[in-house]
Amino acid sequence: METFRIDNLSFTYPLAIRPALAGIDLAVEQGEFLLLCGFSGCGKSTLLRHLKTALAPHGQKSGQIDFNGVDLQEVGLREQSQKIGFVVQSPEEQIVTDKVWHELAFGLESLGYDQQTIRLRVAEMASFFGIQNWFHEDVATLSGGQKQLLNLASIMAMQPEVLILDEPTGQLDPIAALDFLQTVKRINRELGVTVILSEQRLEEVFPLADRVVVMDRGKMIAEGLPLEVGNQLKKQEHEMFYALPSPMQIHAAVVGDLPCPVTVREGRRWLDQICGPYTEAGEPVAATSQNLSRQEEVVTLKEVYFKYEKEQPDVIKGLNLTVRQGEFLAVVGGNGTGKSTALMLMSGLLKPYRGKVLLNGKAVASIPGKERFWQNLGVLPQDPQALFVKKTVMLDLLEVLSDQKLSEYEKELKINEVATLTEITSLLAMHPYDLSGGEQQRAALAKILLLDPRILLLDEPTKGMDARFKRIFAAILQNLQSGGVTIVLVSHDVEFCARYAERCALFFDGSAISVGEAKEFFCGNSFYTTAANRMARHRFPQAVTTEDVIKACNTTRP
Amino acid sequence: MKDAFSTYHPLVNFIYFAVVILFSMFLMHPVFLCISFASAFLYSLRLNGKRALKFNLLFLVPFLLVMALLNPLFNHQGVTILFYASSGNPITLEAVLYGFAAALMFVSVICWFSCYNAVMTSDKFLYLFGRVIPALSLVFSMVLRFVPRFKAQICVITRAQACMGRDLHSGNLWQRMKNGVQILSIMVTWALEHSIETATSMKSRGYGLPGRTVFSIFYPEKRDRIFLLLFFALSVFILAGFACGIVFVRYYPALGFTGFAPVPVIFYIGYLALCLLPLIIDLVEEHQWKRFVSIT
């Protein structure tokens, strides 16, 4: 039976010129795991929100949606609340109450269940999700991953028939994201709940899905089994192709008629088949930290120790790190290893209790704010929203220059220059909070760039960005770098770092345990490396990006 | 470690504190005051450990002394004149003693409130009063969720603004104020913007449907009933003592109160038992646990 049947659905937002959805036809089978992907603004969220009347946006709508064979409009709100579960991107904002147990019970309270039923359902869900250990905690003490699991659990306590998730892992780190997706899969497999999930990062979720739908500009452009979708996109030469899992991209670029691999494991097997018998095991290259001492040191951390409170353990322990003039350094590592803290130490917002943080040879915290952040350090925080203080992007940018003795004309000129560089010229009149995640990131970067920074410190800039925008963002960074700007980037995004950074540092337990040139660095790691490298390392240990692997494949094939 | 009394039903916790605090406020008999203060002191140590000791010694004891010394300066009732102040007003023994008693009362009430705070967590309070006004209890819970988030976001924005050279610690007063107001103004936008998502999440989980129920994780047990019975018996006994005039106190014009005759002493012991109930429960449970561990 079909859980949802969407017939020729079109939708236009008020005042919008082109429709957000145009003639969508889609049927979702009961118990299916459907993955919806596409760039930001392609209409994924709009489509998902139409599947629950309470969340449907206002605008011009045509076409029909049936839920279990009945027109969705006819299905009562009570039934919809219970049967259609909805989880969105931000873990924080979905949580309503202050205690974990209360949050779990919230939906059931709304539906008016009695004490005994709620007690049982909450207990069941807490056990299923492994929440019992933090059942009595305050919500504020949970990590992002735990919060999102709680959101999922509190929906599942209502025993929905279908679970709709709108980019649920966008704000999570890779480990928490994987954990979350595995839980969703478990719900799908063990409880038979239909899952409709939209996602930006496809590497992990592709193998879990039964069927994939790709959208662009409000239309469905590809649909089918995960391994078929790659070929469909390849034929259309669509940009979404570059968002697909690495094994699929590599498969499509190498001539051959073997079935498409989706996971790294399948990729390895496929590579063995395509490259003929296994001849010699490539030696993994050890990461040798070459001393690139040609350039001047701009930021130096010497045996730095830091902790947030006296009784707490050290967050940074004996950290040594140097950043050289004009380089692009990426800092990677797990959650809570002190990456972001290290960035804040570099910016002088935090002071070490032992050791030194030097900026051009001077202790950074002793440099007064004006001097430190004007034509010197530029810091892009993890949450770009934190930078905006005005009604429109334009006013926000003008505010940055309010201290400078420039004529109106000069200010405008400068803003135009930066806006063109970050591609936000068309967004200047909008409220910064109305921009999408990627656009906010760009507008925030524009604000920072007006301060004319020589050293850019970026905290997780690619979080929630789609594959297309990552490429634009990388181009902006490379452009800046060619103008002599030094870039330090903290990220969980191994693929991004591998492709664009020059040097990488791996953080563990409060210090940088390995620093090296990006390529050598990733070749030397066996887990903390790109999917392409994990797939091909037994054949081509030097290949880090998908392009490397494709090149190696095409040259060594028998 | 969590103390045993905290694990009792919230209603029991609330009634206990309400009655004990009322008793401490109105039973001005010196022995009763001392008992109340000593018990509250001990219980706050048990609940909050070193922090309570620090607070009690550094804040409450000096407060007690100052209060006690202030009363005779403003109050000149009483028959036993100690000496005349430079203004010509008499300083009386009764006023000194009453000042001391009032200060002791005040300090023990504060001490009881610190215990109350540790035992009656927000969810217990919500549980009790949520039944009376369910909508308000949800609002209260949402506020408790919102406040820490708001504080954290202020911190994030302040840091981000500091990186734009707009921090709150440099520049002249005007600039600092301007930066501060700017942060506050954006916080309002932020709060409104983000509450939309929360509202969506509430709506999608059926908030607003008729017939909402209230769930709680507290269930009354036998020990709760036993505790209440014992507690009421003791309270009535003590009140009866005062009502019948077996125990009394008078500060003005001359000090007079029941001493340590056998009959009043029974009431003192009763009050001591009442004030120490949480501690006694705690010690008994600890003892039981140790025995239980040693047996198995």
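Quick caveat: nothing in here was measured; it's all calculated off a predicted structure. In this numbering scheme, every chain counts its residues from 1 along its sequence in written order. Each chain gets a letter, beginning with A, and each ligand a number, beginning with 1, in the order they are written. Where totals are concerned, whole chains, interfaces and linings use all residues; where local detail is concerned, this predicted model gives features only for residues with pLDDT of at least 70, and gives and counts side-chain atom pairs only at 80 or more. Values reported for side chains reflect all heavy atoms of the structure, with hydrogen atoms and water molecules removed beforehand.

Novice: Explain the overall build of chain B to me, using residue names and the numbers behind them.
Specialist: If you tally the helices and strands in chain B, you get 9 helices and 4 strands. Only DSSP runs of H or I covering at least 4 residues are called helices, and only runs of E covering at least 2 are called strands; the numbering of each starts at the N terminus. Its helices and strands in sequence order give chain B the pattern α-α-α-β-β-α-α-α-α-α-β-β-α, from N to C terminus. Only the C-alpha atoms count toward the radius of gyration. The rule for a globule is 2.2 Å times the residue count to the power 0.38. By the compact-globule yardstick of 19 Å for 296 residues, chain B is too spread out, its C-alpha radius of gyration being 26 Å. Pairs at least 24 apart in sequence give 74% of the contacts found in chain B among residues at least 6 apart. A total accessible area of about 15,800 Å² is found for chain B, and carbon and sulfur atoms account for 75% of it. By the counting rule applied here, Lys and Arg register as positive and Asp and Glu as negative, while His and the ends of each chain are not counted. For the purpose of locating charges, the reference atoms are NZ of Lys, CZ of Arg, CG of Asp and CD of Glu. For chain B, the distance from the average position of its 23 positive side-chain charges to the average position of its 11 negative side-chain charges is 5 Å. The contact rule is simple, with two residues in contact once any of their heavy atoms fall within 4.5 Å. Shrake-Rupley sampling with a 1.4 Å probe provides the accessible areas, and residues are treated as covered by the protein chains on show and by no other component.

Novice: I'd like a description of the pattern of salt bridges, backed by residues and values.
Specialist: Throughout this description, the term salt bridge denotes a Lys or Arg side-chain nitrogen within 4 Å of a carboxyl oxygen of Asp or Glu. Under the criterion given, the structure shown has 32 salt bridges over all chains. For arginine 324 of chain A, the salt bridge goes to glutamate 297 of chain A, with nearest N and O atoms at 3.9 Å. Highlighted residues: arginine 324 of chain A in strand E12 (residues 316–324) and glutamate 297 of chain A in strand E11 (residues 297–306), separated in sequence by 27 residues. The partner of lysine 447 of chain A in a salt bridge is aspartate 396 of chain A, with the nearest N and O atoms 2.6 Å apart. Highlighted residues: lysine 447 of chain A in helix H15 (residues 437–450) and aspartate 396 of chain A in helix H13 (residues 393–400), separated in sequence by 51 residues. Grouping residues by exposure puts lysine 447 of chain A and aspartate 396 of chain A together as buried. Where salt bridges share partners, they join Glu92, Glu93 and Lys147 of chain A together with Arg145 and Arg149 of chain B into one cluster. Relative accessibility under 20% of the residue-type maximum defines a buried residue, over 50% an exposed one, and the middle range a partly exposed one, all with a 1.4 Å probe and only protein chains included.

Novice: Please provide a residue-by-residue account of the domain arrangement of chain A, values included.
Specialist: All names here are of chain A. You can read the domains of chain A as domain 1 (2–242), domain 2 (245–284 + 531–558) and domain 3 (297–530). The source of the domain bounds is an automatic or database domain assignment. The C-alpha-based centres of domain 2 and domain 3 are spaced at 34 Å. The partner domain 3 presents 11 residues to the 13 residues of domain 2 that form the contact. Taking both partners together, domain 2 and domain 3 bury about 950 Å²; carbon and sulfur atoms supply 45% of that area. Three residues, Arg534, Arg537 and Val544, lead the burial of domain 2 against domain 3; their summed loss comes to 46% of the area buried on that side. There are 2 salt bridges connecting domain 2 and domain 3. Between glutamate 547 and arginine 499 there is a salt bridge, with its nearest N and O atoms 2.9 Å apart. N or O atoms within 3.5 Å of each other form a polar contact, as long as, within protein, one can give a hydrogen and the other can take it, and as long as residues adjacent in sequence are counted only when both atoms are side-chain atoms. On the surface where domain 2 and domain 3 come into contact, there are 10 residue pairs in polar contact (both at pLDDT 80 or more). For the side of domain 2 that touches domain 3, the secondary-structure elements that each account for two or more residues are helix H19 (531–536) and helix H20 (546–556). For the side of domain 2 that touches domain 3, the element with the highest residue contribution is H19, accounting for 4 residues. When residue character is reported, Ala, Val, Leu, Ile, Met, Phe, Trp, Tyr, Cys and Pro are called nonpolar, Asp, Glu, Lys and Arg charged, and the others, Gly included, polar. Taken together, the residues of the side of domain 2 that touches domain 3 sort by class into 4 nonpolar, 5 polar and 4 charged. By buried area we mean the combined loss of accessible area, with a 1.4 Å probe, across both parts when two parts are placed together.

Novice: Residue-level account of the sheet that holds E12 of chain A, with values.
Specialist: Residues and elements named next belong to chain A. What makes two strands pair is DSSP finding at least two bridges between them. With antiparallel pairing, 4 strands are arranged side by side in an open sheet as E12-E11-E14-E15. If you trace the sheet from one side to the other, it starts and ends with E12 and strand E15 (362–363), each paired once. In this sheet, E15 lies alongside strand E14 (residues 354–359) in antiparallel orientation, the contact comprising 2 bridges. From the neighbouring strand, leucine 359 faces E15, where its bridge partner is lysine 362.

Novice: Any details on a nonpolar patch on the surface? Residues and values, ideally.
Specialist: Each patch is assembled from residues with relative accessible area greater than 30% and no salt bridge, linking like charges that lie within 9 Å and nonpolar side chains (Val, Leu, Ile, Met, Phe, Trp, Tyr) that lie within 5 Å. Together, Phe129, Val132, Ile133, Leu136, Val139, Val143, Phe146 and Val147 of chain B line one region of the surface with nonpolar side chains, adding up to about 670 Å² of accessible area. Broken down by element, the nonpolar patch gets its largest block of residues, 5 residues, from helix H6 (residues 134–162) of chain B.

Novice: Describe in detail the confidence of the model for chain B, supporting the description with residues and values.
Specialist: One rule of thumb: low pLDDT means the predicted coordinates there are not for detailed reading. Predicted confidence across chain B gives a mean pLDDT of 88, with 99% of residues reaching 70 or more. Within chain B, the lowest mean pLDDT, 79, falls on helix H5 (residues 122–130) of chain B, and the highest, 94, falls on helix H1 (residues 10–26) of chain B. As a per-residue measure, pLDDT tells how confident the predictor is, with possible values from 0 to 100.

Novice: Would you mind going over the environment of leucine 456 of chain A in detail, with residue names and values included?
Specialist: Residues and elements named next belong to chain A. Topologically, leucine 456 is positioned in strand E17 (residues 455–459). For leucine 456, a relative accessible area of 0% gives the class buried. Sequence-distant contacts of leucine 456, that is, excluding residues within four places in its chain, are made with Gly378, Leu445, Ile448, Leu449, Leu477, Leu480, Val485, Thr486, Ile487 and Val488.

Novice: Account for the packing of aromatic side chains, with residues named and values stated.
Specialist: Between rings of Phe, Tyr and Trp, where Trp is taken as its six-membered ring, a pair exists when centres lie within 6.5 Å; planes separated by under 30 degrees are stacked, by over 60 edge-to-face, and by other angles tilted. Under the definition given, this model contains 45 aromatic pairs over all chains. Between the aromatic rings of phenylalanine 106 of chain A and tyrosine 207 of chain B, the centroid separation amounts to 5.9 Å while the plane-to-plane angle is 20°, which identifies the pairing as stacked. On the criterion of chain membership, the pair formed by phenylalanine 106 of chain A in helix H4 (residues 100–111) and tyrosine 207 of chain B in the loop between helix H7 (173–204) and helix H8 (222–243) is interchain, its members lying in two chains. Classification of phenylalanine 106 of chain A as buried rests on a relative accessible area of 0%. Accessibility expressed as a relative area gives 34% for tyrosine 207 of chain B, which makes it partly exposed. Ring centres of phenylalanine 128 of chain A and phenylalanine 129 of chain A lie 5.4 Å apart, and the angle between their planes is 65°; this geometry places the pair in the edge-to-face category. Note on accessibility: phenylalanine 128 of chain A and phenylalanine 129 of chain A belong to one class, buried.

Novice: Account for the interface of chain B and chain A, naming residues and giving values.
Specialist: The partner chain A presents 64 residues to the 48 residues of chain B that form the contact. Carbon and sulfur atoms supply 56% of the area that chain B and chain A bury against each other, a total of about 5,100 Å² over both sides. When the buried area of chain B at its contact with chain A is split by residue, Arg145, Arg205 and Phe215 of chain B rank highest and sum to 18% of it. In this assembly, chain B and chain A are joined by 6 salt bridges. One salt bridge connects arginine 145 of chain B with glutamate 92 of chain A, and the closest N-O pair in it is separated by 2.9 Å. The set of elements that each furnish at least two residues to the side of chain B that touches chain A consists of H5, H6 and H7 of chain B. Per element, the largest residue contribution to the side of chain B that touches chain A is 15 residues, and it comes from H7 of chain B.

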